[in-house]
Amino acid sequence: MADDRELYERFVRGDPGAFETLFLRHQREVFGWVYRIIRNQGEAEELTVETFWRIYAARARFDPTRSFGPWARRIATNVALNGLRAQRHHEPLAFEPAAPGAPDPAERAQMRRRLAAAFHRLSPKLRLVAILALVEEVPYGEIAQALGLSHEAVKSRVFRAVRKLRKALTAKGITP
């Protein structure tokens, strides 16, 4: 931790070598986090670069006595949320709905489209929490830390998202 603290202090002072070291250490983690939210590799790559630009620009606000990873993830979450808000097209969610039996491929494709449409009708804040909690199965505590929310606020958003998803799917004739 003493070595990390020195690295963090150099980063805060604007040392390019310290920033490069932090970039190399955390690039995969940040990309993975953004990808989990955006669900599009190309956009996730672009938003990862944007995240690191923002990290560098905000370096003076970083507290060298704290861990870099959660701080970087928080910035990445904000960048990804802005990406969700700006999405012009919607990528289908990459998960298979649990269904009894083996429906034919056309029914499964239609179900996936309906599920994706229901997710995309959620507000970006609810969609973000729903994707992380329901699709990616990220623990609520980790979501809370990344979004700067309380554990209870995450639970509340997941509850509201599930309620809206259930309502949207029921309206389409799907019994969730």
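Note that the structure is a prediction, hence the values are computed from the model and not measured. (Residues numbered from 1 in each chain as written. Predicted model: local features only at pLDDT ≥ 70, side-chain atom pairs only at ≥ 80, totals over all residues. Heavy atoms only, no water.)

**Description of a positive patch on the surface**
Together, Arg 160, Arg 163, Lys 164 and Lys 167 give the surface a local cluster of positive charge. Tracing the backbone through its elements, the reader meets Lys 164 in helix H8 (residues 151–171). (Patch = residues over 30% accessible without salt bridge, like charges linked within 9 Å, V, L, I, M, F, W, Y side chains within 5 Å. Areas by Shrake-Rupley, 256 points an atom, 1.4 Å probe, with all protein chains shown as cover. Salt bridge = Lys/Arg side-chain N within 4 Å of Asp/Glu carboxyl O. Lys, Arg positive; Asp, Glu negative; His and termini not counted. Charge placed at Lys NZ, Arg CZ, Asp CG, Glu CD. Helix = DSSP H or I, 4+ residues; strand = E, 2+ residues; numbered from the N terminus.)

**Section: the nonpolar core**
Within the largest apolar cluster, 35 residues are counted, with the highest numbers of intra-cluster contacts made by Phe 11, Val 34, Ile 55, Phe 68 and Ile 143. Sorting the residues of this core by element identifies helix H1 (2–12), helix H2 (16–38), helix H3 (41–57), helix H4 (68–86), helix H6 (124–135), helix H7 (140–147) and H8 as the ones contributing at least two each. Setting aside its immediate chain neighbours within four residues, Phe 68 contacts Tyr 8, Phe 11, Leu 22, His 26, Ile 55 and Phe 62. The next biggest cluster of nonpolar side chains, apart from the first, holds 13 residues, and it includes Leu 115, Leu 165, Ala 168 and Ile 174. (Core = buried A, V, L, I, M, F, W, Y, C linked by side-chain atoms within 4.5 Å. Buried < 20%, exposed > 50% of the residue type's maximum accessible area, 1.4 Å probe, protein only. Contact = heavy atoms within 4.5 Å.)

**Points about the pattern of salt bridges**
As enumerated under the stated definition, the model contains 9 salt bridges in all. In this structure, Arg 25 and Asp 4 form a salt bridge, with 2.8 Å as the shortest nitrogen-oxygen distance. Placement of Arg 25 in helix H2 and of Asp 4 in helix H1 is noted, with a sequence separation of 21 residues between them. With its nearest N and O atoms 3.4 Å apart, the salt bridge here joins Arg 5 to Glu 9. Taken together, the positions of Arg 5 and Glu 9, both in helix H1 and 4 residues apart, correspond to about one turn of that helix. Residue classification places Arg 5 among the partly exposed positions, given a relative accessible area of 40%. Under the relative-accessibility criterion, Glu 9 is labelled partly exposed at 31%. By sharing partners, the salt bridges in this structure join Glu 29, Arg 73 and Glu 142 into a single network.

**With respect to H3**
Relative to the 24 Å expected for 17 residues at 1.5 Å per residue, H3 spans 24 Å between its end C-alpha atoms, a close match to the ideal helical length. Sitting at the head of H3, Asn 40 places a side-chain oxygen 3.1 Å from the backbone nitrogen of Gly 42. (Expected span 1.5 Å × (residues − 1). Polar contact = N/O pair within 3.5 Å; in protein donor to acceptor, adjacent residues only side chain to side chain.)

**Things to note about H8**
Over its 21 residues, H8 extends 30 Å from the first C-alpha to the last, a length consistent with the 30 Å expected when each residue adds 1.5 Å. For H8, every residue scored as buried is listed here: Val 154, Arg 157, Val 158, Ala 161, Leu 165, Ala 168 and Leu 169. Down the axis of H8, the smallest arc covering the buried residues is 100°, so these residues share one side. Counted as exposed and oriented over 90 degrees from the buried face of H8: Glu 152, Phe 159, Lys 167 and Ala 171. At its buried positions, H8 is contacted by helix H5 (105–121), H6 and H7. In the segment just after H8, Gly 173 is the residue with positive phi, at about 85°. (Arc of directions from axis to C-beta.)

**Observations regarding the confidence of the model for the protein**
The predicted model of the protein averages 85 in pLDDT, with 88% of residues at 70 or higher. Element-level pLDDT for the protein is lowest in H5, with a mean of 79, against a maximum mean of 94 in H3. Below pLDDT 50 for its whole length, residues 88–92 participates in 7 contacts with residues either more than four positions away or in separate chains. In the model, residues 94–99 has pLDDT below 50 throughout and makes 10 contacts with residues more than four positions away in sequence or in other chains. (pLDDT = per-residue confidence, 0-100.)

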